[in-house]
Structure formats: structure tokens, C-alpha cells
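Notes for the structure review
Okay, here's what each chain looks like letter by letter:
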Amino acid sequence: MRALLAPILALSLFAAPLQAEPTQLEVSALAHGAKFIGDRSGGARITITDAETGEILAEGITTGGTGNTRLIMAAEQPHWDSIATEGTASFVTELDIDSPLQLAITASGPLDAAPEDRVRASVMSWLLPGDSRTGDRRVIIELPGYLVDVLNIKQTEGRLEATVDISMLCGCPVIPGGWWDATRIDMQARLVG
């Protein structure tokens, strides 16, 4: 037994240390119930952090299109099928890692919105050395909410009336009879202050 252990121990002493492998990670931000957040609404800021140490490993902004409306909005779309297509807004980075790494990935946006209107969401995900997560395997973070732009406020007979323009976070219009049907959305506002 000792004769067998000696060569194994000797080999392990001379084994090369693990080499860092370039590993790509692609992240997209999806407006809840709508399309991807990209150029049309200023993109979303993506921050990729080492979940254990808190070190920021990469930051960037999603760029590209909002995606294929029919594919994204298809009711019969199986949950495991990708809804992202070529040209869909994303942020891509490459990390050199030598062991599995747990990441905290945050999306904040859309960046064309006023700072107080931006939404933030985070996910945790593992990244394995050399196992790139791009294309159909990208990380998708879903952001809830609407973009609300106040167009006009007036006071009439003791009442305040506001006219607003509402769109999805991806910049897609909310209109009567459209993909995002304004007649099916009930919104309420409160005056605070």
C-alpha cells in the first residue's frame, strides 16, 4: 500500500496549479410581461459581483434590440425555450476563473428613465470555468413596473387632473388594443406631499 501511495503523492506535488479559464457571461434585462431593455429605453446597468467577497467583477450596459415580440409574447412558449434571439439587448463580459464562482448579478434600469423611476432586481448564479453562459444559456433578469411620464397636471373645480404617458420598461407602448392593451390595465395615482 505504501509503495502505491508514494508515486501518487509525488505526482500530486508536481501537478500544475489550476489555470484560469476565460469564461463568457451574457446578461439580459427583461421588462416583466414585455420585451428586453436595450437601446430603445437606454439599456439597463448590469453589475456582476463575487457573491462571497462582494468584489465587483464586471459592469456594463445592455445594448441591442427589444427582441422578437411574437416569440416573447407567445402564450404557448415552453418555459425552457429561449426567448432571446440574435441582436437581443444584452451585456457580455469575459471572466478568468479557475474554480466555480457564485455570482450576484444585478440589473437596474431603464437608464433613460428618471433615477427615481428605475427598477432594480438581482439573481444569484454559478459560473463554471470554461463553461460560457451566452446565447440561449444567458442569464435573464426580469424587472417589474412601467415607465410613467407625466405630460400635464391641471386643477379643475378643486380636483387635480393628470395626463400621463405609460409604456413598458422596454419602451414598448401601452395603447388600447395593442400588445400591451391600455384598456386592460388599471392604474391609480396618489398625490403625496
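Please read all numbers here as calculations on a predicted model, not as lab measurements.

**Notes on the overall build of the chain**
If you tally the helices and strands in the chain, you get two helices and eleven strands. Going through the 193 residues of the chain one by one, you find that 34% of them count as buried. Taking the contacts inside the chain whose residues are at least 6 apart along the sequence as the reference set, 63% of them involve residues at least 24 apart.

**Concerning a negative patch on the surface**
Judged by side-chain charge, E116, D117, D149 and D165 come together as a negatively charged surface patch. Locating D149 in the fold gives a position in strand β8 (residues 146-156).

**Things to note about a nonpolar patch on the surface**
A cluster of nonpolar side chains, Y146, V148, V150, I153, L160, V164 and M187, forms an exposed patch at the surface whose accessible area comes to about 580 Å². Secondary structure elements with two or more residues in the nonpolar patch: β8 and β9 (159-168). Considering every element that reaches the nonpolar patch, the biggest residue donor is β8, with four residues. When you line up the elements, I153 lands in strand β8.

**A short note on the environment of V139**
On the secondary structure map, V139 appears in strand β7 (residues 139-143). Take V139: its relative accessible area is 6%, and that puts it in the buried class. For V139, the residues in contact, after removing those within four places along its chain, are L25, E26, V27, S28, I105, V123, S125 and R133.

**Examining the sheet that holds β7**
Here we have three strands laid out as an open sheet, ordered β4-β1-β7, and mixed in their pairing. In this open sheet, the two strands that pair with only one neighbour each are β4 (91-97) and β7. Put simply, the sheet's adjacent strands are angled 30° from each other on average, direction ignored. Of the pairings in the sheet, the one linking strand β1 (residues 21-31) to β4 comprises seven bridges and is antiparallel in character.

**A look at the nonpolar core**
In terms of nonpolar packing, the biggest core is built from 32 residues, with L25, V27, I48, L103, I105 and L143 touching the most fellow members. Only β1, β2 (45-50), β4, β5 (101-109), β6 (119-127), β7 and β9 provide two or more residues apiece to this core. In this structure, L25 is in contact with I48, F91, V92, T93, L103, I105, L127, R133, T134 and V139, ignoring residues within four places of it in sequence. Counting residues in hydrophobic clusters, the runner-up holds five residues, among them L30, I72, I83 and A84.

**Let's talk about the environment of I153**
Its relative accessible area of 55% is what places I153 among the exposed residues. Once you skip the residues sitting within four places of it in the chain, I153 turns out to touch L160, E161 and A162.

**Thoughts on the sheet that holds β6**
Hydrogen bonds along the backbone pair up the strands of a sheet, which may run parallel or antiparallel. On the basis of which strands lie adjacent, the open sheet formed by four strands has the order β3-β2-β5-β6 and antiparallel pairing. A single partner strand is all that each edge strand has here, and the edge strands are β3 (56-61) and β6. The average undirected angle you get between the axes of adjacent strands in this sheet is 15°.

**Some thoughts on the confidence of the model for the chain**
Counting all residues, the mean pLDDT for the chain is 87, and 87% of those residues have values of 70 or more. Every residue in residues 8-16 scores below 50 in pLDDT, and together they form zero contacts with partners more than four places removed in sequence or on other chains.

**Quick look at the pattern of salt bridges**
Inspection of every chain in the model, using the stated rule, returns two salt bridges. Among the ionic pairs, E26 bridges to R138, the shortest N-O distance being 3.2 Å. Residue E26 is found in strand β1, and its partner R138 is found in the loop between β6 and β7; the two are separated by 112 residues along the sequence. Take E26 and R138: they sit in the same class, and that class is buried. With a shortest N-O distance of 3.0 Å, R137 and D131 are connected by a salt bridge. Assessed through its relative accessible area of 39%, R137 is described here as partly exposed. Residue D131 is classed as partly exposed on the basis of its relative accessible area of 28%.

Reading the values: the criteria
- Here the residue numbering is sequential within each chain, running from 1 through the sequence in written order.
- Local features in this predicted model are restricted to residues of pLDDT 70 or higher, and side-chain atom pairs are both shown and tallied only at a pLDDT of 80 or more, whereas totals for entire chains, interfaces and linings draw on every residue.
- Side-chain measures were taken over the full set of non-hydrogen atoms in the model, leaving aside hydrogen atoms and water.
- Numbering of helices and strands runs from the N terminus; a helix is a DSSP stretch of H or I covering at least four residues, while a strand is a stretch of E covering at least two.
- Only protein chains enter the calculation, and the probe is 1.4 Å; a residue is then buried if its accessible area is under 20% of its type maximum, exposed if over 50%, and partly exposed in between.
- Here, residues are in contact when the closest pair of their heavy atoms is within 4.5 Å.
- Like-charged residues within 9 Å of one another, or nonpolar side chains (Val, Leu, Ile, Met, Phe, Trp, Tyr) within 5 Å, are grouped into patches, provided each residue has over 30% relative accessible area and no salt bridge.
- Computed with a 1.4 Å probe, the accessible areas rest on the Shrake-Rupley method; for each residue, only the protein chains presented here act as cover.
- Salt-bridge detection follows one rule: a side-chain nitrogen of Lys or Arg within 4 Å of a carboxyl oxygen of Asp or Glu.
- His is not counted, nor are the chain ends, whereas Lys and Arg count as positive and Asp and Glu as negative.
- Taken as the charge centre is NZ of Lys, CZ of Arg, CG of Asp or CD of Glu, depending on the residue.
- Pairing between two strands requires that DSSP report at least two bridges joining them.
- Between N-to-C directions, angles span 0 to 180 degrees; the directions come from axes that are lines fitted to C-alpha atoms, helices contributing only their stretch in contact.
- Grouping buried Ala, Val, Leu, Ile, Met, Phe, Trp, Tyr and Cys residues that are joined through side-chain atoms within 4.5 Å yields what is termed a nonpolar core.
- pLDDT measures the predictor's confidence residue by residue and takes values from 0 up to 100.

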